[in-house]
Amino acid sequence: MIIWGWRNVTVTKAKGRFACPHCASEEAYDHKVVRRCFTLYFIPVMPLNAVGDFVQCRSCRGQFAVDALPADAPARQGRARARYTHAAVELVIQGAVRADRPPPPRSVQEALERAYRIELTVGEVLDRFDQRREPAAIVAPVAVGLDAGSRENLFRAAMLGVRLGGDTRAGRQFLADLALALDMAPAHVHAILSESAAS
């Protein structure tokens, strides 16, 4: 006997910040879409159509019409992604320059292309080599509202840079300062470093 049917499945379409009507403050939100799916043995196997969408505040868990989002939400999300990518690139470069003898800018440029598919000229990398910035200053524009996975990705970007620079004492201090700036649990940081050492 074959058991089939339909079921609604909710997925997150976008994330961002908005003025929550319930909290009366700016909060993080998830823009969720409800899709009807064909199920086989109660497992969704094929999305059929969108039933609706809504915005859910991550703080109060309230659900609101999409009208609650500001009109420029897609543009703001694009800018937020660009700031996040810029922070990751900056962390790779700043991690590398913490070395006693920083790696050649060309090797940093190649690592960025491999890891992030970002094309910077050697000159652009060199320009950033001269600017020593602290981790808190680099992540401040993006740290609010980041989930644990995004924080971990930024930490791993800095690890890539520190590895390029030769894993010096200054590089390890840079990682420790970054973990504090990202408000990462020491056990989480230890797990990432242990995993990296094992590979």
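In what follows, the structure referred to is the one given above.
Residues numbered from 1 in each chain as written. Predicted model: local features only at pLDDT ≥ 70, side-chain atom pairs only at ≥ 80, totals over all residues. Heavy atoms only, no water.

Participant: Any chance you could explain the overall build of the protein here in plain terms?
Facilitator: When its secondary structure is counted, the protein shows 7 helices and 4 strands. The long-range share in the protein, meaning contacts at least 24 apart out of those at least 6 apart in sequence, stands at 61%. When the accessible surface of the protein is split by element, carbon and sulfur atoms take 55% of a total near 11,700 Å². (Helix = DSSP H or I, 4+ residues; strand = E, 2+ residues; numbered from the N terminus. Contact = heavy atoms within 4.5 Å. Areas by Shrake-Rupley, 256 points an atom, 1.4 Å probe, with all protein chains shown as cover.)

Participant: I would appreciate a short explanation of unusual backbone geometry in the present structure.
Facilitator: It is generally the case that most residues other than glycine have a negative phi and that most peptide bonds are trans. You will see that Y41, though not glycine, has its phi angle at about 55°, which is positive. Along the chain, the position of Y41 falls in the loop between β2 (25–40) and β3 (43–57). Of note, D183 is a non-glycine position whose phi angle comes to about 55°, a positive value. When you line up the elements, D183 lands in the loop between α6 (169–181) and α7 (186–198). Overall, D183 belongs to the exposed group, its relative accessible area being 67%. (Buried < 20%, exposed > 50% of the residue type's maximum accessible area, 1.4 Å probe, protein only.)

Participant: Honestly, the packing of aromatic side chains in this entry has me stumped. Any pointers?
Facilitator: By convention here, two paired aromatic rings are described through the distance between centres and the angle between planes. With the rule as written, the count across this model stands at 4 aromatic pairs. Measuring from ring centre to ring centre gives 6.3 Å for F18 and F64, while their planes differ by 55°; the resulting arrangement is tilted. Linking F18 in strand β1 (residues 4–20) with F64 in strand β4 (residues 63–64), this pair joins segments that are 46 residues apart in sequence. The same class applies to F18 and to F64, which are both buried. The rings of W4, W6 and F38 are connected pair by pair, giving a single aromatic cluster. (Phe/Tyr/Trp six-rings, centres within 6.5 Å; stacked < 30°, edge-to-face > 60°.)

Participant: I would appreciate a short explanation of the packing of helix α5 (residues 148–165) against α7 in the present structure.
Facilitator: How two helices sit against one another is set out by the angle between their axes and by the gap between those axes. Between α5 and α7, the least distance of the axes is 11 Å, while the angle of their chain directions is 45°. Viewed along their axes, α5 and α7 adopt a mutual orientation that is oblique. For the element pair α5 and α7, the recorded crossing hand is right-handed. In this structure, α5 uses A148, E152, F155, R156, M159 and R163 to contact α7, whose residues at the interface are H188, V189, I192, L193, E195 and S196. Its residues placed into classes, the contact of α5 with α7 shows 6 nonpolar, 2 polar and 4 charged. (Axes fitted to C-alpha atoms, helices over the stretch in contact; angles between N-to-C directions. Parallel < 35°, antiparallel > 145°, perpendicular 65-115°, else oblique. Left-handed = near helix turned anticlockwise from the far one by under 90°. Nonpolar A, V, L, I, M, F, W, Y, C, P; charged D, E, K, R; others polar.)

Participant: So what exactly am I meant to see when it comes to the sheet that holds β2 here?
Facilitator: Strands belonging to one sheet form pairs held by backbone hydrogen bonds; the direction of such a pair is parallel or antiparallel. Strand order in the open sheet formed by 4 strands is β1-β2-β3-β4, with antiparallel pairing between adjacent strands. At either end of the open sheet lies a strand with only one pairing partner, and these are β1 and β4. Two strands pair when backbone bridges link them, and β1 and β2 are joined in this way by 16 bridges, in the antiparallel orientation. In the sheet register, G16 faces β2, and the bridge partner there is Y29. (Pairing = 2+ DSSP bridges.)

Participant: What is the right way to look at the environment of Y41 in this model?
Facilitator: Judged by relative accessible area, which is 43%, Y41 ranks as partly exposed. Along the primary structure Y41 and W4 are separated by 37 residues, whereas in three dimensions their C-alpha atoms are 5.8 Å apart. Excluding residues that lie within four positions of it along the chain, Y41 makes contacts with M1, I2 and I3. There is a polar contact of 3.0 Å between the side chain of Y41 and the backbone oxygen of M1. (Polar contact = N/O pair within 3.5 Å; in protein donor to acceptor, adjacent residues only side chain to side chain.)

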